[in-house]
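Below are the chains, spelled out letter by letter.
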Amino acid sequence: MKKDFLSILDIDRAELFEILQDAERLKRQKRAGVSHEVLKGSTLAMIFEKSSTRTHISFEVGMNELGGHALFLNAKDLQIGRGEEIRDTARVASRYVTAVMIRANKHSTIEELAQNATIPVINGLSDREHPCQLLADILTLKEHFGKIEDLRVAWVGDGNNVCNSLVLSSILTGMDVTVATPKGYEVSPELVQQAVSCGGMVKTVKEPEKAVKDADVIFTDTWISMGDEAERTRRLAAFRGFTVDTALLRHASPDARVLHCLPAHRGEEIAGDVIDGPQSLVWEEAENRLHAQKALLVKLLKKEIISLQ
Ligand code: CP
Ligand code: NVA
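These numbers come from a predicted model, not from an experiment.

1. Brief notes about the packing of aromatic side chains
To describe a pair of aromatic rings, one takes the distance between the centres and the angle between the planes.
In step 1: This model, assessed by the stated rule, comprises five aromatic pairs.
In step 2: Centre to centre, the rings of Phe 239 and Phe 242 are 6.5 Å apart; their planes meet at 85°, and the pair counts as edge-to-face.
In step 3: Using a relative accessible area of 0% as the deciding quantity, one classes Phe 239 as buried.

What follows is the structure, encoded as structure tokens:
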């Protein structure tokens, strides 16, 4: 049976920890110059309906480092851009490549692709979730804090796709997540309910200061996600007071660290001196997209990593 990765909940806690361990091992091997070409002969198709820097580069470089090949496909240039059905693209791609990573406007597009493909499908961001981002984020926190269980995590900003994956991930990680969003941009209450009913520790508050109080980690993301550009003026007004800046960080633990999936907008969701300052883990987080996704690919394609001697 093929395994997809459409949601952070498509893996269980044990699989998450295996991926983290493999990612750490792959990272060490890369630093030591030890090659790990365990995906020789494999091809990853990467379909993009939206722009990308990190997801595109990290998957392409990751496949190369694993000895495989990655194929960049702009959805506009594929026949799906002219109306070919996604299920037909799924069937055809399954005959050429080993796995597909897709960044789509609608989560339902990714689900339809996965339902009709006989190969693993990876969500490279949808309107619902960004599960690959969370793998990298959790890896970054594990490396920095030495553990993830019981970390006090604050989300400050838009209740968006990345926030959704963070909320759901609390079921796997045991992190204690508090989400602060302005009125009208809340995280879905059904999703919070789902997380809580499955043992996740998640609560929602209105004030960023409350979410950040004694927090170990503060997450934020753009106030204007891809597709939200027409609402820019309204959103900038609604999110006033939600900037992660040094004043807000004073409410957190003195050792708190800040994550942002990028791209960032200094002076909007995050202050320049925070993202570029000593409490930022943002650049490690971006690097970890590579290591975490390589471990994910190895897992989905059911290969073993050659261990370090
Ligand atoms: N964080 C992230 O997914 O970045 P890109 O949009 O550049 O891929
Ligand atoms: N929430 C952002 C994440 C980008 C990686 C967006 O959807 O545009």
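Read on, since the account is not over.
2. A word on the pattern of salt bridges
In step 1: Enumeration according to the criterion identifies 22 salt bridges in this entry.
In step 2: Put simply, Glu 15 and Lys 3 hold a salt bridge, and the shortest N to O gap is 3.5 Å. In this pair, Glu 15 sits in helix α1 (residues 13-31) while Lys 3 sits in the segment before α1, placing the two residues 12 residues apart along the sequence.
In step 3: Given the relative accessible area of 23%, Lys 3 is considered partly exposed.

3. Description of the site of ligand 2
In step 1: Looking at ligand 2, the residues that line it are Leu 125, His 130, Asn 160, Asn 161, Asp 221, Thr 222, Ser 225, Met 226 and Leu 262.
In step 2: A distance of 2.7 Å is found between a nitrogen atom of ligand 2 and a side-chain nitrogen or oxygen belonging to Asp 221.
In step 3: When ligand 2 sits alone it has 270 Å² of accessible area, and the protein chains cover 96% of it.
In step 4: When atom positions are compared with the pocket grids, ligand 2 is found to occupy the largest pocket.

4. Re the sheet that holds strand β2 (residues 69-74)
In step 1: The strand order β2-β1-β3-β4 describes an open sheet built from four strands, whose pairing is parallel. The sheet terminates laterally at β2 and β4 (121-123), the two strands that pair on one side only. For this sheet, the mean angle separating the axes of adjacent strands, direction not counted, is 20°.
In step 2: Alignment of strand β1 (residues 43-48) against β2, held across six bridges, turns out to be parallel. Its bridge partner lying in β2, Thr 43 is registered against His 69.
In step 3: Along the sheet, helix α2 (residues 54-65) contacts β1, β2, β3 (99-103) and β4; its crossing angle with β1, the most-contacted strand, is approximately 170°.

5. Thoughts on unusual backbone geometry
Excluding glycine, residues mostly have negative phi values, and the peptide bonds linking residues are mostly trans.
In step 1: The omega torsion across Leu 262 and Pro 263 is 5°, close enough to zero to call that bond cis.
In step 2: Mapped onto the secondary structure, Pro 263 falls in the loop between β9 (257-260) and α11 (272-275).
In step 3: Positive phi outside glycine occurs at Leu 262, with the angle close to 70°.
In step 4: Note on placement: Leu 262 falls in the loop between β9 and α11.
In step 5: Positive phi is not limited to glycine here, since Lys 302 has a value of about 55°.
In step 6: Take Lys 302: it is sitting in the segment after α12 (282-300).

Calculation rules
Residues numbered from 1 in each chain as written. Chains lettered and ligands numbered in written order. Predicted model: local features only at pLDDT ≥ 70, side-chain atom pairs only at ≥ 80, totals over all residues. Heavy atoms only, no water. Phe/Tyr/Trp six-rings, centres within 6.5 Å; stacked < 30°, edge-to-face > 60°. Buried < 20%, exposed > 50% of the residue type's maximum accessible area, 1.4 Å probe, protein only. Salt bridge = Lys/Arg side-chain N within 4 Å of Asp/Glu carboxyl O. Helix = DSSP H or I, 4+ residues; strand = E, 2+ residues; numbered from the N terminus. Near = heavy atom within 4 Å. Polar contact = N/O pair within 3.5 Å; in protein donor to acceptor, adjacent residues only side chain to side chain. Areas by Shrake-Rupley, 256 points an atom, 1.4 Å probe, with all protein chains shown as cover. 1 Å grid on protein atoms, 1.4 Å probe; cavity = no way out; pocket = protein on both sides within 12 Å on 5 of 7 lines; lining within 4 Å. Sits in = over half its atoms within 2 Å of the grid points. Pairing = 2+ DSSP bridges. Axes fitted to C-alpha atoms, helices over the stretch in contact; angles between N-to-C directions. Contact = heavy atoms within 4.5 Å.

These results come straight from atomic positions and should not be treated as a statement about function.
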